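# Structure at a glance
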Amino acid sequence: RGNCGAGSTGADPSAGAARTSRNVPADEAFAWLSVHTQVEAELHAGTGSAFELLGAVPADKIPHVVGISADGQWYRIQCSEYPNGLCWIPADPAVTGPSDG
């Protein structure tokens with residue numbers, strides 16, 4: 001396991017990622033946002049459970065958010081152990097919440 005975790009593989013509908021998500025530049029609204037994982041959060045290669053499952057972020061971690069999906073349902077976080085260094089976790093309040101850190 002790396003910083004975010006490793007897991008099983010699945011479908012990778014990367015062609016849809018450009019249409020359904022956006023990366024927020026560091027100087028925009030989400031550059032400061034950190035979230036707290038309230039339970040283990042699945043880590044995906046894109047904005048949805050149909051994207052490859054890369055692993056999980058354990059409960060009680062504070063990943064730094066660098067983007068958010070266009071529909072607001074997924075947070076983009078840095079994951080250094082993956083080729084593009086970016087992964088997605090759910091923005092569901094049952095999974096992630098605001099963090100002080």
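Residues numbered from 1 in each chain as written. Predicted model: local features only at pLDDT ≥ 70, side-chain atom pairs only at ≥ 80, totals over all residues. Heavy atoms only, no water.

### Concerning the pairing of strand E4 (residues 53–57)
- Burial of E4 is extensive: four of the five residues sit out of reach of the surface.
- Pairing geometry for strand E3 (residues 41–44) and E4, over four bridges, is antiparallel. Residue pairing for E4: Leu43 is matched across the bridge by Gly55. (Buried < 20%, exposed > 50% of the residue type's maximum accessible area, 1.4 Å probe, protein only. Helix = DSSP H or I, 4+ residues; strand = E, 2+ residues; numbered from the N terminus. Pairing = 2+ DSSP bridges.)

### A short note on the pairing of strand E6 (residues 74–78)
- Of all five residues making up E6, four are buried, and the element is well covered by its neighbours.
- Here strand E5 (residues 65–69) runs beside E6; their pairing, made up of three bridges, is antiparallel. In the strand pairing of E6, Gly67 is matched with Arg76.

### As for the nonpolar core
- Core analysis: the largest hydrophobic core is formed by 16 residues, its most contacted members being Leu43, Tyr75, Ile77, Cys87 and Ile89.
- For this core, the secondary structure elements donating two or more residues are E3, E4, E5, E6 and strand E7 (86–90). (Core = buried A, V, L, I, M, F, W, Y, C linked by side-chain atoms within 4.5 Å.)

### Things to note about the environment of Pro58
- Note that Pro58 resides in the loop between E4 and E5.
- Distance from Pro58 to Val39, taken between C-alpha atoms, is 6.9 Å for residues 19 residues apart in sequence.

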